[in-house]
Amino acid sequence: MEILILTSIWTGARPFFYEGKVVSKGMPAFNNVFLRLLEDKRVTKIHFMVWDPSGELKKPEIYKDKLVYYPITFKWSFLSGFQMAVKSLFKGISIVRKNKSIKRIIGYGGLAGITAIIGQIFGIPDFRRIYGTFLISEINEPKWKLFVRHPLEYLSFSMKGKALLITNDGTKGDVVYNKIGSSKLPLHFLLNGIDKDLANNCKKPDFPFQENCLSYVARLDPWKRQHLFVEALALLKKDGLQIPKAYIVGAEADPSYTAFVRKSILDNDLNEDIEIISGIPIQEVHYVIKHSIITFSLYDVSNLGNVFIEALQLGTPTIAINDTGSLDLIDRSAFFELKDSEVKTVAEAIRKLLNDKQKRQELREGALNFANSTFLSWNERAKIEVDIMLS
């Protein structure tokens, strides 16, 4: 069958679409499933609509005959979001009309609201994939307000369709579905998978790397809150604690926030202690996590993301905030739980773990035991998702 897909380019998939390389720099929930979809013998061609690409699109040589790109571009203005949605809708309609072999439509994130409409127009089954949602923060608002504020994401939940798959990442997508979801849209609420051989697939970084370090792995974005990490280390340094080398590893997704974090590092005289690393392959990222004495997940809203799961699989002691209940399904023996996001709380947790080697060992063992008994391999997990898409 032929498939129509609409998505933006996820950060970890940029090498595939902008460099034509079958490599990943993160976002395994997209990359692992997408690559399996490309290899599935049921799929003959993928018509790929790319929302607002930031550069020239390229195809890996191995998939050049299976992929057709349709960049959806526009000039920014006050109404640009609305204009883009309308443009994408009519482009999708045109593609389906010209390609009668399209038998499945797939939309990612809020853009699935657009593909839902296209599916309804042509009577083609549409599958929707949402990796997490912030709508839980507005869950007590009337439905009409949710629709007015987030029309496309609302439609992703509320229109009938083949299936909706939401990652169980602590953002409570199931609760949102229970409020605004359609009874004619089956929900699949799944945990992410994990590379069970993660530790053996690590690669030593090319940059001068100091082992037994502290690490914070996440794209630089305000809700990832790397500033808490910096401020906690600054507090400990002022108290005279010897701080191990620390690395913030991730794409610089938000330039203004990245500048804010860099300024905080300089203002707190931590430029020799903390280094920001961007654009390294995922295997090198995993090496950094594996060889850290402590790693961190201090996000707002939810901390049950891919990096947290990977840290468990690697057995690295992890300090994580669980103020919203996003980590309630994780055994407390598997991570060091913080119940608030105060800088002093983070600093005291770091102090405790740095001074307690036995506690770090207990967390390492708890993390490995929990990960091995809970998470599917990515091969198993990706197969489940592709089968839901194509069945």
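Residues numbered from 1 in each chain as written. Predicted model: local features only at pLDDT ≥ 70, side-chain atom pairs only at ≥ 80, totals over all residues. Heavy atoms only, no water.

**Quick word on the overall build of the protein chain**
For clarity, the cut-off: Runs of E in the DSSP output that reach at least two residues are strands. Runs of H or I that reach at least four are helices, and both are numbered from the N terminus. Radius of gyration: C-alpha atoms only; globule rule: 2.2 Å multiplied by the number of residues to the exponent 0.38. Exposure is judged per residue with a 1.4 Å probe applied to protein chains only, and the accessible area is read against the type maximum: over 50% gives exposed, under 20% gives buried, and values in between give partly exposed. For the area figures, the Shrake-Rupley method with a 1.4 Å probe applies, and any residue is considered shielded solely by the protein chains shown.
Assigned secondary structure in the protein chain consists of 14 helices and 13 strands. Whereas a compact globule of 391 residues would reach a radius of gyration of roughly 21 Å, the protein chain reaches 22 Å, a difference of no more than 12%. Overall size of the protein chain, expressed as C-alpha extent along the three principal axes, is 70 × 50 × 45 Å. Out of the 391 residues in the protein chain, the part that is buried amounts to 54%. Carbon and sulfur atoms form 52% of the exposed surface of the protein chain, whose accessible area is close to 17,200 Å².

**Points about the layout of surface pockets**
Operational definition: Both site types are read off a 1 Å grid over the protein atoms alone. A 1.4 Å probe that fits but cannot get out defines a cavity, while an open set with protein on both sides within 12 Å along at least five of seven lines defines a pocket; lining residues have an atom within 4 Å of a point. Grid points are joined across faces, edges and corners, and a volume is the space filled by probe spheres set on the points. In this classification, the charged set is Asp, Glu, Lys and Arg, the nonpolar set is Ala, Val, Leu, Ile, Met, Phe, Trp, Tyr, Cys and Pro, and all remaining amino acids, among them Gly, are polar.
Considering only enclosed or pocket space, the second largest pocket measures out at about 640 Å³ in volume. Around the second largest pocket, the lining comprises 26 residues; the ones closest to its centre are Ser24, Pro28, Asn32, Asp195 and Trp378. Those elements that provide at least two residues to the lining of the second largest pocket are helix 1 (14–19), helix 2 (28–39), helix 10 (282–290) and helix 14 (378–390). By residue number, the principal contributor to the lining of the second largest pocket is helix 2, which donates six residues. Grouping the amino acids of the lining of the second largest pocket by side-chain chemistry returns 13 nonpolar, eight polar and five charged.

**Thoughts on the state of the cysteines**
The cut-off we apply is this: For this text, the term disulfide refers to a pair of cysteine sulfurs within 2.5 Å.
As enumerated under the stated definition, the model contains zero disulfides in all. For cysteine 202, which is in no disulfide, the shortest distance to another cysteine sulfur is to cysteine 213 and amounts to 12 Å.

**A closer look at helix 8 (residues 226–238)**
Operational definition: An expected span of 1.5 Å times one less than the residue number is assigned to each helix.
Taking 1.5 Å as the rise per residue, helix 8 with 13 residues should run 18 Å; its terminal C-alpha atoms sit 19 Å apart, in good agreement. Taken residue by residue, helix 8 has Gln226, His227, Leu228, Phe229, Val230, Ala232, Leu233, Ala234 and Leu236 as its buried positions. Remark: glycine 240 follows helix 8 within two positions and exhibits a positive phi of approximately 90°.

**Concerning unusual backbone geometry**
Backbone geometry at arginine 225 places phi at a positive 60°, although glycine is not the residue there. Assignment of secondary structure puts arginine 225 in the loop between strand 8 (213–217) and helix 8.

**Digging into a nonpolar patch on the surface**
Definition in use: Grouping into patches uses exposed residues only, defined as over 30% relative accessible area, and leaves out salt-bridged ones; the cut-off is 9 Å for like charges and 5 Å for nonpolar side chains (Val, Leu, Ile, Met, Phe, Trp, Tyr). In the sections that follow, a salt bridge refers to a side-chain nitrogen of Lys or Arg positioned within 4 Å of a carboxyl oxygen of Asp or Glu.
On the surface, Phe82, Val86 and Phe90 cluster together into a nonpolar patch covering about 330 Å² of accessible area. With relative accessibility at 32%, the residue valine 86 sits in the partly exposed group.

**Digging into the packing of aromatic side chains**
For clarity, the cut-off: Aromatic rings from Phe, Tyr and Trp, taking only the six-membered ring of Trp, are treated as a pair when their centres fall within 6.5 Å; an angle between ring planes under 30 degrees marks them as stacked, one over 60 as edge-to-face, and anything in between as tilted. The rule is short: NZ of Lys or CZ of Arg within 6 Å of the ring centre and within 35 degrees of the ring normal puts a charge over the ring.
According to the stated counting rule, one finds 25 aromatic pairs in the structure shown. Relative to tyrosine 131, the ring of tyrosine 108 has its centre 6.2 Å away and its plane inclined at 15°; by these criteria the two rings are stacked. A residue pair is termed long-range when its members are at least 10 positions apart, and tyrosine 108 in strand 4 (residues 102–108) and tyrosine 131 in the loop between strand 5 (126–130) and helix 5 (143–149) qualify at 23 residues. Tyrosine 108 sits in the buried class, given a relative accessible area of 3%. Residues phenylalanine 370 and phenylalanine 375 carry aromatic rings whose centres are separated by 6.0 Å and whose planes lie at 80° to one another, so their mutual orientation is edge-to-face. For phenylalanine 370, a relative accessible area of 7% puts it in the buried group. One aromatic cluster is present, formed by Trp10, Phe16, Phe17, Phe30, Phe34, Phe48, Tyr63, Tyr69, Tyr108 and Tyr131 through successive ring pairs. Taking NZ or CZ as reference, lysine 59 lies 5.7 Å from the ring centre of tyrosine 69, over its face.

**Quick word on the pattern of salt bridges**
By the definition in use, this model includes 21 salt bridges. Between aspartate 387 and arginine 42 there is a salt bridge, and its shortest N-O distance comes to 2.9 Å. Note that aspartate 387 is positioned in helix 14 and arginine 42 in the loop between helix 2 and strand 2 (45–51), a separation of 345 residues in sequence. Between glutamate 252 and arginine 262 there is a salt bridge whose closest N-O contact spans 2.9 Å. Taken together, the residues span a long stretch of sequence, with glutamate 252 in the loop between strand 9 (246–249) and helix 9 (255–267) and arginine 262 in helix 9 at a distance of 10 residues. Given a relative accessible area of 37%, arginine 262 falls into the partly exposed group. What you see here is one network of salt bridges that share partners, running through Asp40, Arg42, Lys383 and Asp387.

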